[in-house]
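Results of the structural survey
Here is what each chain is made of, one letter per residue.
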Amino acid sequence: MIRDLTAKLASIAIMMFARALTAARAIWHETGLPPRQSIYFANHSSHGDFVLIWAVLPPWLRERARPVAGAEYWLKSKLSAFIGRDVFDAVLIERDPAARTQDPVEQMATVLGDGSSLIVFPEGTRNQTEARLLPFKSGLYHLACKRPDVALVPVWINNLNRVMPKGEFVPIPLICTVTFGEPMRLKAHETKDEFIARAETALLSLAPSTMEDHA
Amino acid sequence: MSAASLDMLKLLLGVGGILVLASSIGYVLKQRLSPDGSNGAIENLNARIKAWWAMVVLIAIAFVAGRVGVLLLFAFCSFAALREFITLINTRRGDHWAIAAAFFVVLPINYFLLWAEQYGIYSIFVPVYAFLLMPIVAVMRGDTRDFLLRISEVQWALMICVFCASHVPALLTLQIPGYEGRNVLLIAFLVIVVQSSDVLQYVWGKLFGRTKIAPSLSPSKTVEGFVGGVASATLIGASLWWITPFTPAQAALMSFIITMMGFFGGLVMSAIKRDRGVKDWGHLIEGHGGLIDRLDSVVFSAPIFFHLTRYWWSLT
């Protein structure tokens, strides 16, 4: 009870902080808001990525959106476990194939079965390189095979990597945008490589090409 | 009620009346020409009028809250403007500390010194101390690529968004004989003259604009708009002499200088936007773009207005 209340307050505080820092703004696809249940897949460059997606989603979409995150990172300390589990209700997956007892795709499909949405980062890790996007892992394809009825929504997070680059602990306030693309689904007879390539292209097409979209 | 608050009330009623008139005109135009919201110009006009209401209400609340209210309002404006500015400039990993210091050290100290009315240190804190501190902090990281460029951009951001913008609330620190307790009206004077000049240049330009004044910088600015806007805003400023320590002629001259600085400030800030390839500084204010889009003319006129007033009228 007290734990729930603390978690609720902490989530509001974290979201307000993220908004005050970045003036985060959602840019929706011309088709409007994404479907109620979706798999949001986004570029990953900062620990704050899913917070920002969370912060710009309208409440009725946010309340069912659960981030998918690495268990070994979020279970490291009591505080991070509290933030990961209680505050953000993250779906914690074991990334190391040797150590895991549960199949991550199975885990995610079960959560989708409960009616939740997922926020996933198909690059698998934070992108610290000069490349705009790292090659996707295949999990997104396997998930799409398991739940072909759920729409996949590409989400491009812009500028958050400049707010808090790796190794820094003081964030700097910069304006961030979160761009939602057109929902996509697995096509009949689409191969894994075709689907992954299509998903990567869909996400990259949302990235700003010039300074024009910087703000 | 003191004479100062009576004047403030008169001013507020005047501004409120103009906004009521503007809202009514906007409403009629929408009903007649754009009932389905399809006319972009009218939708933008109405968004702007709505944002004006919000801005006037915010400024009025700050005035009522007194010195601390005004300082907090402008400290927030500086913060939001600095965030817009730094979002658009070239930064590298090596600038992280310098930029963090700009936000969390330089900005608060600048406003603290204003609160403490320490003019001697306030007036040189950003141009001297921060000017030297920024490159020192950045050089610690050892990244020399584009060093001068990166440092100048952060320094410019601080000068424009923190130092220049804070000269609006700095008007509160002036001590003008016979004008005690009325300094907040000087802020009202500056803001009304600058903003009415912006609006009137737009209106004159829309009505009679033929000759583009600086096509490579701002395609919408015309000679007719410029002349009409500056002349009419100067008249408005002159007619507001009763809220200032100036005579009507002095108020007119001050207004003229303010509007000229505002006009060229707008051009300079627009040149920066062009260079960066953006149309607006941000999206904070609906219909206006970012905060700097609204503040550009104020930041250029405020320091000059402050120092002219200080040199000739103030004891401090």
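Cut-offs and rules
- Residues numbered from 1 in each chain as written.
- Chains lettered and ligands numbered in written order.
- Predicted model: local features only at pLDDT ≥ 70, side-chain atom pairs only at ≥ 80, totals over all residues.
- Heavy atoms only, no water.
- Helix = DSSP H or I, 4+ residues; strand = E, 2+ residues; numbered from the N terminus.
- Rg over C-alpha atoms; globule rule 2.2 N^0.38 Å.
- Buried < 20%, exposed > 50% of the residue type's maximum accessible area, 1.4 Å probe, protein only.
- Lys, Arg positive; Asp, Glu negative; His and termini not counted.
- Charge placed at Lys NZ, Arg CZ, Asp CG, Glu CD.
- Salt bridge = Lys/Arg side-chain N within 4 Å of Asp/Glu carboxyl O.
- Contact = heavy atoms within 4.5 Å.
- Core = buried A, V, L, I, M, F, W, Y, C linked by side-chain atoms within 4.5 Å.
- 1 Å grid on protein atoms, 1.4 Å probe; cavity = no way out; pocket = protein on both sides within 12 Å on 5 of 7 lines; lining within 4 Å.
- Points joined across faces, edges and corners; volume = space filled by probe spheres on them.
- Nonpolar A, V, L, I, M, F, W, Y, C, P; charged D, E, K, R; others polar.
- pLDDT = per-residue confidence, 0-100.
- Polar contact = N/O pair within 3.5 Å; in protein donor to acceptor, adjacent residues only side chain to side chain.

Looking at the overall build of chain B
Secondary structure summary: chain B contains ten helices and zero strands in total. Counting from the amino terminus, chain B carries its helices and strands in the arrangement α-α-α-α-α-α-α-α-α-α. Computed over its C-alpha atoms, the radius of gyration of chain B comes to 20 Å, within 12% of the 20 Å expected for a compact globule of 316 residues. Once the C-alpha set of chain B is aligned to its principal axes, its extents read approximately 60 × 50 × 30 Å. Here chain B holds 316 residues, and 50% of them are scored as buried. Looking at charge distribution, chain B has the averaged site of its 23 positive side-chain charges lying 2 Å from that of its 17 negative ones.

Topic: the overall build of chain A
The helix and strand inventory of chain A stands at nine helices and seven strands. Taken against the 2.2 N^0.38 rule, which gives 17 Å for 215 residues, the C-alpha radius of gyration of chain A at 17 Å falls within 12% of a compact globule. Each of the three principal axes of chain A carries a C-alpha extent, and together these read 45 × 45 × 35 Å. The burial tally for chain A puts 51% of its 215 residues in the buried class. Treating the 24 positive side-chain charges of chain A as one cloud and the 23 negative ones as another, the clouds have centres 4 Å apart.

A few points about the pattern of salt bridges
Residues and elements named next belong to chain B. Overall, the coordinates contain 19 salt bridges over all chains when judged by the stated rule. The shortest N-O distance in the salt bridge between aspartate 293 and lysine 273 comes to 2.7 Å. A residue pair is termed long-range when its members are at least 10 positions apart, and aspartate 293 in helix 10 (residues 291-313) and lysine 273 in helix 9 (residues 248-276) qualify at 20 residues. The burial state of aspartate 293 is the same as that of lysine 273; both residues are buried.

Description of the environment of phenylalanine 121 of chain A
All names here are of chain A. Structurally, the position occupied by phenylalanine 121 is in the loop between strand 5 (117-120) and helix 7 (139-146). Through-space distance from the C-alpha of phenylalanine 121 to that of arginine 162 is 18 Å; in sequence the pair is 41 residues apart. Among all residues touching phenylalanine 121, those that are not within four sequence positions of it are Ala42, Asn43, His44, Asp49, Phe50, Val68 and Ile157.

Things to note about the nonpolar core
All names here are of chain B. In this structure, Leu82, Phe85 and Phe189 are the most contacted members of the largest nonpolar core, which totals 124 residues. The greatest single-element share of this core, amounting to 13 residues, is contributed by helix 3 (residues 67-88). If we skip the residues at most four places from it in the chain, phenylalanine 85 touches Glu153, Trp156, Ala157, Ile160, Cys161, Met269, Ile272, Trp281 and Ile292.

Looking at empty space enclosed by the protein
Residues and elements named next belong to chain B. One pass over the structure, following the stated rule, counts two cavities of 30 Å³ or more. Taken as a whole, the largest cavity encloses approximately 40 Å³ of empty space. Around the largest cavity sit Val126, Ala130, Phe131, Met134, Gln155, Leu158 and Met159, which together line it. Each residue belonging to the lining of the largest cavity can be placed in one class, and the counts come to six nonpolar, one polar and no charged. Here the second largest cavity defines a volume of roughly 30 Å³.

Details of the confidence of the model for chain A
Averaged over chain A, the pLDDT score is 89; the fraction of residues at 70 or greater is 97%. This stretch, residues 211-215 of chain A, has a pLDDT under 50; its non-local contacts, to residues over four places away or in other chains, come to 22 contacts.

Describing the interface of chain A and chain B
A common way to express how large an interface is: the accessible area buried when the components associate. The partner chain B presents 22 residues to the 23 residues of chain A that form the contact. Between chain A and chain B we count one salt bridge in total. Across the salt bridge formed by arginine 141 of chain B and glutamate 168 of chain A, the nearest N and O atoms sit 3.0 Å from each other. For the pair chain A and chain B, the interface holds ten residue pairs in polar contact (both at pLDDT 80 or more). Those elements that provide at least two residues to the side of chain A that touches chain B are helix 1 (2-22) and helix 8 (160-163) of chain A. At four residues, the largest contribution of residues to the side of chain A that touches chain B is made by helix 1 of chain A. Residues that form the side of chain A that touches chain B fall into these classes: 14 nonpolar, three polar and six charged.

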